[in-house]
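A closer look at the structure
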Amino acid sequence: MDPYIVLLVGTGALILLVAWLPMVLRELPLSLPMFCIGFGFAAFSLSTGDRPDPNHYPHTTERLTELVVIVALTGAGLKLDRKLAWRSWTLTWRLLALAMPLSILGIGLIGYWGLGLGIPAALLLGAALAPTDPVLASDVQVGPPRSGEEDEVRFTLTAEAGLNDGLAFPFVNLAVSLAALGLAPEDWALHWIGVDVLWKLAAGLGAGWAIGRLLGWLTFRMPNRARLSRTGDGFVALGATFLAYGLTEMVHGYGFIAVFVAALGMRAAERQHDYHDRLHDFAEQTERLLMMVLLVLFGGVLAGGVLAHLTWAGVAAALGFVFLVRPAAGMISLIGVDQPMEERLAIAFFGIRGLGSFYYLAFAANAASFAEMPELWAVISATVLLSVGLHGMTVTPAMRWLDKRRRRQGVLPLEA
């Protein structure tokens, strides 16, 4: 049988499943990511060919995960109706400033003391697992633009996922520097603080906002005949994603931050235009298709034995990351806020881990040598698998319960 024809059939079936499965799974305690991983595991277990292995293909793993993350970040930014402001984003700033560093510290200490990792590998483990994932967290994110589905829990988790992927990069780069140059601060501290922290963060934020506002002007503010919005083409979202990411990386800024901020800048140019729906829908559909492909491959990675290096200590660590470190860090960061306890618990608990963690691990593997890399892949794969299963089964009933509670309190309209 012609492999090309088989590929066409498989691709067609995959695209149809991407469109159909979310409707079928909506009423079940099963998410699309769970199905994709299970399907990939079964398919590659039955296959006699090679199985995907991130230890053998770190460059391919880095690029594929990078692509899906930046598309997801654009989609997350386009969803947000709320203006970027210090006061209205208070919960997000708390999670970024407190919960993420505390998570990196907690996960790193478990890696160092519990798993026996070296300091660079333990720091890398913390930096890779601390960010919440913009790809797999769609069920806890706000709805499409102007849909009104922007309660505090959904907004906070969406905004956090949009920003903390890029904010984890300085810590990943620190782990790479420690692995490559050693622990002596004089060998890496000046470059890390000046370049990896100050310059790259500033360049990511500045370039992202400038590109977003420029694209917003071209889309909504140019003379009527020349506006990009007149095209009605949703794939403009993909062009904006690649442009923001590529230009920022050219000036050595953090492209993840720039992509999300650029999407916020486009929304700021004109918040109520119908064209935002087109842009968001295309970004979301592209993200879902890429996510499904990568999670099927992740199922193949599991079938290929990535968990062979997982010890009982690694299993305990993964449970600790999901059930202890993130919830505790989240709750600490939200001390003193006015939100009800159940909403704070939801924000703290639903820190979903996913494809962004794989990206950071592959990036570090390509940038420096870590002797513990097989163990890191095993622990992070187990953590993502646990997060996908646990959060996939609990997020829908939990969010429905919160919505019903708000409705009873008169916070949501009856039809919400």
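Please refer to the structure placed before this passage.
As a convention, each chain's residues are numbered from 1 in the sequence order in which they are written. Only residues with pLDDT of at least 70 are given local features in this predicted model, and only at 80 or more are side-chain atom pairs given and counted; all residues enter the totals for whole chains, interfaces and linings. Neither water nor hydrogens contribute to the side-chain values; these are computed over all heavy atoms in the structure.

1. Some words on the overall build of the protein
In this description a helix means any DSSP run of H or I spanning at least four residues, a strand means any run of E spanning at least two, and both kinds are numbered starting from the N terminus. Within the protein, the secondary structure is distributed over 15 helices and zero strands. Against the 2.2 N^0.38 benchmark of 22 Å for 416 residues, the protein shows a C-alpha radius of gyration of 21 Å, consistent with a compact globule. Dimensions of the protein along its principal axes, counting C-alpha atoms only, are 60 × 60 × 45 Å. Only protein chains enter the accessibility calculation, which uses a 1.4 Å probe; a residue whose area is less than 20% of its type maximum is buried, one above 50% is exposed, and one in between is partly exposed. The buried share among the 416 residues of the protein stands at 52%. Residues count as neighbours in contact if any of their non-hydrogen atoms are within 4.5 Å of one another. Relative to all contacts within the protein whose residues are 6 or more apart in sequence, the contacts with residues 24 or more apart total 81%. Each accessible area value is a Shrake-Rupley result obtained with a 1.4 Å probe; residue values ignore everything except the protein chains displayed when judging cover. Accessible surface, the protein as shown: approximately 18,400 Å² in total, 67% of it carbon and sulfur. C-alpha atoms define the radius of gyration, and 2.2 Å times the number of residues to the power 0.38 defines the globule rule.

2. What about the nonpolar core?
Nonpolar cores were defined as sets of buried Ala, Val, Leu, Ile, Met, Phe, Trp, Tyr and Cys residues, with membership established by side-chain atoms within 4.5 Å. Residues Leu124, Leu125 and Phe256 are the most contacted members of the largest nonpolar core, which totals 117 residues. A total of twelve residues in this core trace back to one element, the largest contributor, which is helix α11 (residues 275-303). The residues contacting Leu124, other than those within four sequence positions of it, are Val172, Ala175, Tyr360, Leu361, Ala364, Phe370, Met373 and Leu376.

3. Brief notes about the pattern of salt bridges
When a carboxyl oxygen of Asp or Glu is within 4 Å of a side-chain nitrogen of Lys or Arg, the pair counts as a salt bridge. All chains considered together, the criterion is met by ten salt bridges. With a closest N to O distance of 2.9 Å, Asp81 and Arg267 form a salt bridge. One end of the pair, Asp81, is in the loop between α3 (58-79) and α4 (90-114); the other, Arg267, is in helix α10 (residues 255-269), and 186 residues separate them in sequence. Exposure remark for Arg267: the relative accessible area of 1% places this residue in the buried category. Among the ionic contacts, a cluster of salt bridges with common partners joins Glu62, Arg63 and Glu66.

4. Re unusual backbone geometry
The phi angle at His252 is positive, at roughly 65°, despite the residue not being glycine. Given the relative accessible area of 52%, His252 is considered exposed.

5. With respect to the packing of helix α6 (residues 152-167) against helix α13 (residues 341-349)
Helix axes are fitted to C-alpha atoms over the stretch in contact, other axes to C-alpha atoms as well, and angles between N-to-C directions run from 0 to 180 degrees. Close contact between α6 and α13 brings their axes to 10 Å; oriented N to C, the two are set at 25°. Relative to α13, the element α6 is oriented roughly parallel. Relative to α13, α6 is oriented so that their crossing is right-handed. Here Glu152, Val153, Thr156 and Leu157 of α6 lie close against α13, whose contacting residues are Glu343, Ala346 and Ile347. Tallied by class, residues from the contact of α6 with α13 come to four nonpolar, one polar and two charged. Throughout, the term roughly parallel applies to angles under 35 degrees, roughly antiparallel to angles over 145, roughly perpendicular to angles from 65 to 115, and oblique to all others. Crossings are sorted by hand: turned counterclockwise from the far helix by less than a right angle, the near helix makes the crossing left-handed, and turned clockwise it makes it right-handed. Each residue gets one of three labels, nonpolar for Ala, Val, Leu, Ile, Met, Phe, Trp, Tyr, Cys and Pro, charged for Asp, Glu, Lys and Arg, and polar for the others, Gly among them.

6. What about the packing of aromatic side chains?
Note on ring pairs: Phe, Tyr and Trp rings are taken, using the six-membered ring of Trp, and paired if centres are within 6.5 Å. Classes follow the plane angle, with under 30 degrees stacked, over 60 edge-to-face and the rest tilted. Scanning the entire structure with this criterion turns up 21 aromatic pairs. Taking the centre distance of 5.5 Å and the plane angle of 25° together, the rings of Trp89 and Trp93 count as stacked. According to the relative accessible area criterion, Trp89 is buried, its value standing at 0%. Ring pairing ties together the aromatic residues Phe169, Tyr245, Tyr254, Phe256, Tyr359, Tyr360 and Phe363, which thus form one cluster. When the NZ atom of lysine or the CZ atom of arginine is within 6 Å of a ring's centre and also within 35 degrees of its normal, the charge is said to sit over that ring. Between the NZ or CZ atom of Arg82 and the centre of the ring of Phe155, over which it lies, the distance is 3.8 Å.

7. Considerations on a nonpolar patch on the surface
Side chains of Leu98, Leu102, Leu105, Leu109, Tyr112, Trp113, Ile119, Leu183, Ile332 and Ile335 sit close together on the surface and give an oily, nonpolar patch of about 990 Å² of accessible area. Of the residues forming the nonpolar patch, the biggest block, six residues, is contributed by α4. Along the polypeptide, Leu109 turns up in helix α4. Judged by its relative accessible area of 41%, Leu109 falls in the partly exposed class. For patch detection, residues must exceed 30% relative accessible area and be free of salt bridges, and they are connected within 9 Å for like charges or within 5 Å for nonpolar side chains (Val, Leu, Ile, Met, Phe, Trp, Tyr).

8. What about the environment of His276?
Considering the arrangement of structural elements, one finds His276 in helix α11. Taking the C-alpha atoms as reference points, His276 and Arg146, separated by 130 residues in sequence, lie 8.8 Å from one another. Look past the residues within four positions of His276 in its chain and what remains in contact with it is Pro145, Phe220, Met266, Arg267, Glu270 and Arg271.

9. Structural notes on helix α5 (residues 119-129)
Most of α5 sits inside the fold, with ten of its eleven residues counted as buried. Every buried residue of α5 is listed here: Pro120, Ala121, Ala122, Leu123, Leu124, Leu125, Gly126, Ala127, Ala128 and Leu129. Buried positions along α5 lie against α4, α7 (169-181), α12 (312-333), α14 (355-367) and α15 (373-408).

10. A word on the side chain of Glu62
Mapped onto the fold, Glu62 is located in helix α3. Glu62 sits in the buried class, given a relative accessible area of 7%.

11. Points about the environment of Leu279
Within the element layout of this structure, Leu279 appears in helix α11. With a relative accessible area of 1%, Leu279 lands in the buried category. Sequence separation of Leu279 and Asp233 is 46 residues, and the distance between their C-alpha atoms is 7.6 Å. Ignoring anything within four residues of it in the chain, the contact list for Leu279 reads Leu78, Asp233, Gly234, Val236, Ala237 and Met266.

12. A few points about helix α9 (residues 236-250)
By this rule, a helix spans an expected 1.5 Å times one less than how many residues it contains. Helix length check: α9 (15 residues) gives 21 Å between terminal C-alpha atoms against 21 Å at 1.5 Å per residue, within 8%. What α9 keeps buried is the set Val236, Ala237, Ala240, Thr241, Ala244, Tyr245 and Thr248. For α9, the angular spread of the buried residues around the axis is 160°, confining them to a single face. Structurally, α9 contributes buried residues whose contacts are with α3, α8 (189-221), α10, α11 and α14. Once α9 ends, the next one or two residues include His252, with phi positive near 65°. Here, the arc refers to the directions that run from the helix axis to the C-beta atoms.

The quantities given are spatial measurements derived from coordinates; they are silent on function.
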